[in-house]
Amino acid sequence: MQSNNDFDRVINRNDSLAIKYAARKAVFGREDILPMWVADMDFSSPEFVLDALRKRLEHPILGYTLRPESFYKAYQQWAKRRYGFEVELDWLTFSPGVVSALALSVLSYTEPGDKIIIQPPVYPPFFETVKGLGRELVINPLRRDVDGRYYINFDDLRTKVNQRTKLLIISNPHNPVGRTWTPDELEELAQIALENNLLIISDDIHADFVYKDYKYTPVASLSEQIAQITVIATSPSKTFNIPGLSTSVVIIPNDELRKKYNEKLKAAHLWLGNIFGNIALETAYNNGDQWLDSLLLYLEQNVDYAVQFIRNNIPAIKVWRPEATFLLWLDFSATGMTHEQIKHKLINEARVGLNDGTDFGEQGEKFFRMNIAAPRAVITDGLERLKAAFG
Ligand SMILES: Cc1ncc(COP(=O)(O)O)c(C=O)c1O
């Protein structure tokens, strides 16, 4: 299978309405910013995926289209090949996006006023979805050690659970802190969930971005009992840089939970999805191993390069080497500046567009998130800009 792994190629995205580029003025107040924020990649999607989409376009009608069983089989085989995760076809269902799957889970398993736990700093839509659907957010912040590694705070979690607490939404691997939770950590979490009748909703969209020496553990793989209280939402969208196709897979081993989820999916008429997304998912999962392996090597080199560069040249920025994800969670607290001063300097002096850490919860004060899924030359440009402003 062809692998177009020319990850060094700089591709102009200015003409594509890519949010990362087109929303710079709206988000940063100016256009002349090197965008290293939105979590998609500046690499081409694999040529074999693009070819499959082109082939579909040879048919002149883009009508309502079935999602074949081979769509789910592609994920089933991918999960087995890459993670040894055995899923039954019956467990699998659909969502346009992973965030929509979280929202549908909230609607399926909770009532307005119920409590839902999240673990910030965490991906901003976790807050927005829970609050937007009228459920009550309960915050179980992650703990951070002196080296910058984050852990789940189980003691705090135990104190936060009561009768109204229904769901625990986790990010595995975790955006933005770059941990891939270990089996032990997930077991302890699941134990708390089992003892307190909580369901675990696990957002595993970054599962394919785990670096060597680390491993992705799907929470539902731990035991049959844990699988029965778990919903996992995942997608090839980050992995193969196709998030604009809005196509995800949801794994729900428990029949009753899956039935409830599918009712909401149907009610919102979201089950149809997108014909291009169906084709891209199936093609990518069936043929994407080699491409992904090359990508992971490239990304890991970017991670090492960026981490070393920052440690050697910008002592005011602290960085922990992520185990997973293409995101660096940068700690600017040693600059001695306020959050707003740091942000102002990033935008107006460094001219680099990073995600504002406070969007990930108040735990993100003085943190900014940097996306390193770009050609090395772009990473170098971004790092040099940071060095000039903060070094
Ligand atoms: C943790 C996490 N979940 C979900 C998403 C987005 O998923 P989707 O576009 O499928 O809703 C992202 C994108 O950045 C993410 O980082």
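**Q** Residues and numbers for the site of the ligand, please.
**A** Surveying the vicinity of the ligand reveals the residues Ala-39, Gly-97, Val-98, Val-99, Tyr-123, Asn-175, Asp-203, Ile-205, His-206 and Lys-238. Between Lys-238 and the ligand, the recorded distance is 2.6 Å, taken from a side-chain N or O atom to an oxygen atom. The protein chains hide 85% of the 400 Å² of surface that the ligand would expose on its own. The cavity that encloses the ligand is the largest pocket. The class makeup of the residues in the shell around the ligand is five nonpolar, three polar and two charged.

**Q** Residue-level account of the environment of Gly-84, with values.
**A** Secondary-structure assignment places Gly-84 in the loop between α4 (69-83) and β2 (92-95). Judged by relative accessible area, Gly-84 falls into the exposed class, the value being 53%. Residues Gly-84 and Val-378, spaced 294 residues apart in sequence, show a C-alpha to C-alpha distance of 35 Å.

**Q** Before we move on, can you summarise the side chain of Thr-129 with the specific residues and values?
**A** Mapped onto the secondary structure, Thr-129 falls in helix α6 (residues 125-132). By relative accessible area, Thr-129 is classed as buried at 11%. Apart from residues no more than four positions distant in its own chain, Thr-129 is found in contact with Val-99, Leu-102 and Ala-103.

**Q** So what's going on with the pairing of strand β8 (residues 199-203)? Residues and values would help.
**A** Counted residue by residue, β8 has five buried out of five residues, so it is predominantly covered. Burial of β8 is two-sided: the residues Leu-199, Ile-201 and Asp-203 facing one way and the residues Ile-200 and Ser-202 facing the other way are all buried. In terms of strand pairing, strand β7 (residues 165-171) meets β8 through five bridges, oriented parallel. The residue of β8 that forms the bridge with Ile-170 is Ser-202. For the handedness criterion, the β-α-β arrangement of β7, helix α8 (residues 183-195) and β8 is classed as right-handed. Taken together, the four bridges between β8 and strand β9 (residues 230-234) define a ladder with parallel strand orientation. Bridge pairing in β9 places Ile-201 opposite Val-231.

**Q** With reference to specific residues and values, describe empty space enclosed by the protein.
**A** Applying the stated rule across the entire model yields two cavities of 30 Å³ or more. Computed from the structure, the largest cavity encloses a volume of approximately 40 Å³. If you go around the largest cavity, the residues you meet are Tyr-75, Trp-78, Tyr-83, Ala-207, Asp-208, Tyr-216, Thr-234 and Tyr-285. Among the elements that make up the lining of the largest cavity, the one with the highest residue count is α4 (three residues). Among the residues forming the lining of the largest cavity, the class breakdown is six nonpolar, one polar and one charged.

**Q** Quick one: what's the story with the sheet that holds strand β11 (residues 327-331), residue by residue and with numbers?
**A** Spatially, three strands are ordered β11-β14-β13 in an open sheet, and the strand pairing comes out antiparallel. Looking at which strands have only one partner, the edges of the open sheet turn out to be β11 and β13 (355-356). Of the strand pairs in this sheet, β11 and strand β14 (residues 367-371) are connected by five bridges, and their pairing is antiparallel. Its bridge partner being in β14, Asp-331 is matched across the sheet by Phe-367.

**Q** Break down the packing of α4 against helix α12 (residues 289-313) for me, citing the residues and quoting the values.
**A** Running from N to C, α4 and α12 point in directions that differ by 50°, and their axes come no closer than 12 Å. When the axes of α4 and α12 are compared, the pair comes out oblique. Pair α4 / α12 crosses with right-handed handedness. Counted together, Trp-78, Arg-81 and Arg-82 of α4 and Asp-289, Leu-292, Asp-293 and Leu-296 of α12 form the full contact between these two elements. Tallied by class, residues from the contact of α4 with α12 come to three nonpolar, no polar and four charged.

**Q** Explain the layout of surface pockets to me, using residue names and the numbers behind them.
**A** What the largest pocket holds in volume is close to 950 Å³. Lining the largest pocket are 42 residues, with Val-38, Ala-39, Asp-40, Lys-238 and Pro-243 sitting closest to its centre. Going through the elements one at a time, α5 (98-109) and α6 are the ones with two or more residues in the lining of the largest pocket. Among the residues forming the lining of the largest pocket, the class breakdown is 18 nonpolar, 16 polar and eight charged. Formed jointly, the lining of the largest pocket draws a minimum of three residues from each of two domains, domain 1 (19-46 + 289-390) and domain 2 (63-287).

**Q** Provide a residue-level description of the pattern of salt bridges, including the pertinent values.
**A** Summed over the entire model, instances satisfying the criterion amount to 30 salt bridges. Here Arg-54 and Asp-51 are joined by a salt bridge, their closest N and O atoms 2.7 Å apart. Of this pair, Arg-54 and Asp-51 both sit in helix α3 (residues 47-56), separated by three residues, roughly a single helical turn. Exposure remark for Asp-51: the relative accessible area of 37% places this residue in the partly exposed category.

Reading the values: the criteria
- Residues numbered from 1 in each chain as written.
- Predicted model: local features only at pLDDT ≥ 70, side-chain atom pairs only at ≥ 80, totals over all residues.
- Heavy atoms only, no water.
- Near = heavy atom within 4 Å.
- Polar contact = N/O pair within 3.5 Å; in protein donor to acceptor, adjacent residues only side chain to side chain.
- Areas by Shrake-Rupley, 256 points an atom, 1.4 Å probe, with all protein chains shown as cover.
- 1 Å grid on protein atoms, 1.4 Å probe; cavity = no way out; pocket = protein on both sides within 12 Å on 5 of 7 lines; lining within 4 Å.
- Sits in = over half its atoms within 2 Å of the grid points.
- Nonpolar A, V, L, I, M, F, W, Y, C, P; charged D, E, K, R; others polar.
- Helix = DSSP H or I, 4+ residues; strand = E, 2+ residues; numbered from the N terminus.
- Buried < 20%, exposed > 50% of the residue type's maximum accessible area, 1.4 Å probe, protein only.
- Contact = heavy atoms within 4.5 Å.
- Pairing = 2+ DSSP bridges.
- Right-handed = clockwise from strand over helix to strand, strands pointing away.
- Points joined across faces, edges and corners; volume = space filled by probe spheres on them.
- Axes fitted to C-alpha atoms, helices over the stretch in contact; angles between N-to-C directions.
- Parallel < 35°, antiparallel > 145°, perpendicular 65-115°, else oblique.
- Left-handed = near helix turned anticlockwise from the far one by under 90°.
- Domains from an automatic or database assignment.
- Salt bridge = Lys/Arg side-chain N within 4 Å of Asp/Glu carboxyl O.

Read these as layout, nothing more, since geometry by itself doesn't imply function.
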